Amino acid sequence: MRPAPFAYHRATSLEHALALLAEHGEDGRPLAGGQSLVAMMNLRLARPRHLVDINDLPLEGIEQVGDVIRIGALVRHERYLRDDLVARYFPVIREGVACIGHPTIRRNGTTGGSLSHADPSAELPLLARLHDATIVAASLRGTRRIASADFFRGAYETALEPGEMLTHVEFTLPNSRPFGAFLEMSERRGDFAIAAVAVVMEEEAGTIRKIAIACSGASQIPIRAPGLEAALAGQSVTALAVAGSAIDAFTATLAPPGDIVATSDHRRRLIAALLARALASAGERTREGR
Amino acid sequence: MIEITLVVNGDRRSLRVEARRLLADVLREEFDLAGVHIGCAQGSCGCCTVHVDGVPRLSCLTFAVQCDGKSVRTVEDIGGPAAEHALQQAFRRAHALQCGYCTPGFIMTLAPFVEAMATENRLPDENEIRDAMSGNICRCTGYQGIVEAVRQAIAERIGTGAPA
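Residues numbered from 1 in each chain as written. Chains lettered and ligands numbered in written order. Predicted model: local features only at pLDDT ≥ 70, side-chain atom pairs only at ≥ 80, totals over all residues. Heavy atoms only, no water.

If you tally the helices and strands in chain A, you get 12 helices and 14 strands. Relative to the compact-globule value of 19 Å for 290 residues, chain A shows a C-alpha radius of gyration of 19 Å, a close match. Taken along its principal axes, the extent of the C-alpha atoms in chain A is 55 × 45 × 30 Å. Every one of the 290 residues in chain A was classed for burial, and the buried ones make up 56%. Residue pairs at least 24 apart in sequence account for 63% of intrachain contacts in chain A once pairs closer than 6 positions are excluded. For chain A, the accessible area works out to roughly 12100 Å², and carbon and sulfur atoms hold 50% of it. (Helix = DSSP H or I, 4+ residues; strand = E, 2+ residues; numbered from the N terminus. Rg over C-alpha atoms; globule rule 2.2 N^0.38 Å. Buried < 20%, exposed > 50% of the residue type's maximum accessible area, 1.4 Å probe, protein only. Contact = heavy atoms within 4.5 Å. Areas by Shrake-Rupley, 256 points an atom, 1.4 Å probe, with all protein chains shown as cover.)

Following this line, the structure appears as structure tokens:
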């Protein structure tokens, strides 16, 4: 299939893009890498009447601003894999981004596109949720900051309003060197994840000072595991290797969607297995200091 | 209809296209470049990979209007009619194609990888090669030959051994 007809606009500045998006409202969509949107349009699952190409906008930076790193909407996935700030402060983001699609997709797909598309199996929404990232969105009405906990509303649904565009995402810098792990299971390397889990923690003298755990595949949006986090916070890092009952208590509360790829029960067990491995791996990395 | 200019395999041409025309279709239909294959039109198979300003890109997920003023390179330009690029020759030697449908996409995805590895003077392990080719699907499942061809092409370029 091929896309339904639409009008193409190439924005020359953020103000120009926002004016076009305001003018076309629900009929308008920003176009950046197109790695998800154009596929949806080819399948006619998306039929925007106006595409606003934002590729010329200056939204390609990864920079430290105070206690956050601020990542522009046009930062391509590949960029995370060779950025020093990401390597130093966000090892789990680096590991998760490496699982996004395939090399050609990582080279072209963008941060803003992935977060705005809000695919339930996508890596960046999970990583944003894991790190309590803040989404920065702009419209002619001004700039709005949205907590990742409020941003994802459902499968392919976000808090973005018509006329509004994601311009940046901000990740708060950790207080000390974090450790963690990102694991996902997919049918083919780089394909959509059946389920994925991510752990990030800071430790002090062998004790877990702070820990965040998130997963996708359990719901239509990436979710945190607050009970599991509470069970592990303050414990010795050795507890990460034997978290079985705490993991079971968490996964028992899940009702993952079932589909042609995996039943609900299979997904629940998969999440439990991935969590056990990710926690053990995070603990091991902490002890070995890598 | 929008007027755009594309430089395709060095040939600069202006044409009028509908905004919804995919780059893959424009290359096939307006430029007669039938080496641009369209397998899935949803970014899964990699058959339509071309280079836009030197960077591999899926031409089925790209609108031609987005490429106004840009340079596009297809498999036809990689090794000429005789397919003389080192990677194409390695494909021949290693039996890295069966029906050949996926071959242009694999060549366009992997030629820059071979160059990058040669520049680094490094022979990647099999895992790295498989990661580099993970976005392309061969329905004859001829992957083993493709891995071997990539290995041979890189080995040849960095001079660590004659091709088998």
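Moving on: the packing of helix H2 (residues 86-93) of chain B against helix H3 (residues 103-120) of chain B. Residues and elements named next belong to chain B. Where H2 contacts H3, the two axes come as close as 9 Å, and the packing angle between them is 125°. By the angle class used here, H2 and H3 are oblique. Crossing hand, H2 versus H3: right-handed. Contact residues: H2 offers Leu87, Gln88 and Phe91, while H3 offers Thr103, Phe106, Ile107, Leu110, Ala111 and Val114. In the contact of H2 with H3, the residues fall into seven nonpolar, two polar and no charged. (Axes fitted to C-alpha atoms, helices over the stretch in contact; angles between N-to-C directions. Parallel < 35°, antiparallel > 145°, perpendicular 65-115°, else oblique. Left-handed = near helix turned anticlockwise from the far one by under 90°. Nonpolar A, V, L, I, M, F, W, Y, C, P; charged D, E, K, R; others polar.)

Attention shifts here to the sheet that holds strand S5 (residues 71-73) of chain B. All names here are of chain B. The five strands are arranged S2-S1-S5-S3-S4 in an open sheet whose pairing can be described as mixed. What marks the edges here is a single partner per strand, and that holds for strand S2 (11-17) and strand S4 (55-58). Adjacent strand axes in the sheet meet at a mean angle of 40°, parallel and antiparallel pairs treated alike. Pairing between strand S1 (residues 2-8) and S5: two bridges, direction parallel. (Pairing = 2+ DSSP bridges.)

So, about the packing of aromatic side chains. Residue and element names in this part refer to chain B. According to the stated counting rule, one finds four aromatic pairs over all chains in the structure shown. Judged by centre distance (6.4 Å) and plane angle (65°), the ring pair of Phe106 and Tyr143 falls under edge-to-face. Taken together, the residues span a long stretch of sequence, with Phe106 in helix H3 and Tyr143 in helix H5 (residues 143-158) at a distance of 37 residues. Using a relative accessible area of 23% as the deciding quantity, one classes Tyr143 as partly exposed. The aromatic ring of Phe31 is capped on one face by Arg13, whose charged end is 4.2 Å from the ring centroid. (Phe/Tyr/Trp six-rings, centres within 6.5 Å; stacked < 30°, edge-to-face > 60°. Lys NZ or Arg CZ within 6 Å of the ring centre and 35° of its normal.)

To continue, consider the interface of chain B and chain A. If you look at the interface, chain B gives 30 residues, while chain A gives 30 residues. Surface buried jointly by chain B and chain A totals about 2400 Å² across both partners, of which 54% is contributed by carbon and sulfur atoms. At the boundary of chain B with chain A, the tally comes to three salt bridges. Salt-bridge contacts for Arg2 of chain A lead to Asp25 of chain B; the nearest nitrogen and oxygen are separated by 2.4 Å. The interface formed by chain B and chain A includes 12 residue pairs in polar contact (both at pLDDT 80 or more). Its residues assigned to classes, the side of chain B that touches chain A shows 14 nonpolar, 10 polar and six charged. (Buried area = accessible area lost by both parts, 1.4 Å probe. Salt bridge = Lys/Arg side-chain N within 4 Å of Asp/Glu carboxyl O. Polar contact = N/O pair within 3.5 Å; in protein donor to acceptor, adjacent residues only side chain to side chain.)

With that out of the way, let us pick up H5 of chain B. Residues and elements named next belong to chain B. End to end, H5 covers 23 Å across 16 residues, agreeing with the expected 22 Å (1.5 Å per residue, within 8%). Of all the positions in H5, only Gly145, Ile146, Val147, Ala149, Val150, Gln152, Ala153, Ile154, Ala155 and Ile158 are classed as buried. Where H5 is buried, its residues touch H2, H3 and helix H4 (126-132). At the C-terminal side of H5, Gly159 shows a positive phi close to 70°. (Expected span 1.5 Å × (residues − 1).)

A complete count under the given rule lists 34 salt bridges over all chains for this structure. Between Arg21 of chain B and Glu30 of chain B there is a salt bridge, with the nearest N and O atoms lying 2.9 Å from each other. Residue classification places Glu30 of chain B among the partly exposed residues on the basis of a relative accessible area of 32%. One connected set of salt bridges, linked through shared partners, spans Arg129, Asp132, Arg224 and Glu229 of chain A.

We now examine helix H1 (residues 14-24) of chain A. All names here are of chain A. For H1, every residue scored as buried is listed here: Ala17, Leu18, Leu20, Leu21 and His24. For H1, the angular spread of the buried residues around the axis is 160°, confining them to a single face. Set apart from the buried face of H1 by more than 90 degrees, the exposed residues are Glu15 and Glu23. In this structure, the buried side of H1 is in contact with strand S1 (7-10), strand S2 (28-31), strand S3 (50-53), strand S6 (134-139) and strand S10 (165-172). (Arc of directions from axis to C-beta.)

Below, the discussion takes up the nonpolar core. By size, the foremost hydrophobic cluster in this structure holds 52 residues, and its most contacted members are Ile69, Leu115 and Phe151 of chain A. The element best represented in this core is helix H8 (residues 123-130) of chain A, accounting for five residues. Not counting residues up to four positions away in its chain, the partners in contact with Leu115 of chain A are Leu124, Pro125, Ala128, Ile135, Phe151, Phe152, Thr158, Leu166 and Val169 of chain A. Residues Phe31, Ile38, Val52 and Leu61 of chain B belong to the second largest nonpolar core, which totals 38 residues. (Core = buried A, V, L, I, M, F, W, Y, C linked by side-chain atoms within 4.5 Å.)

Residue and element names in this part refer to chain A. Strand order in the open sheet made by the five strands is S4-S5-S10-S6-S7, with antiparallel pairing throughout. The strands lining the two open edges of the sheet, one partner per strand, are strand S4 (62-65) and strand S7 (142-147). On average, adjacent strands in this sheet sit at an angle of 25° to one another, irrespective of strand direction. When strand S5 (residues 68-72) meets S10, the two strands line up antiparallel, connected through five bridges. By the bridge assignment, Arg70 is partnered in S10 with Glu170. Strands S6 and S10 of the sheet are contacted by H1, whose axis makes an angle of about 120° with S10.

What follows concerns the packing of H2 of chain B against H5 of chain B. All names here are of chain B. Contact geometry of H2 with H5 gives a least axis separation of 8 Å together with a crossing angle of 135°. As the angle between them shows, H2 and H5 are arranged oblique. As H2 packs across H5, the resulting crossing turns out to be right-handed. From H2, Ala86, Leu87, Ala90, Phe91 and Arg93 reach across to H5, where they touch Ile146, Ala149, Val150, Gln152, Ala153 and Glu156. The residue inventory of the contact of H2 with H5, partitioned by class, reads eight nonpolar, one polar and two charged.

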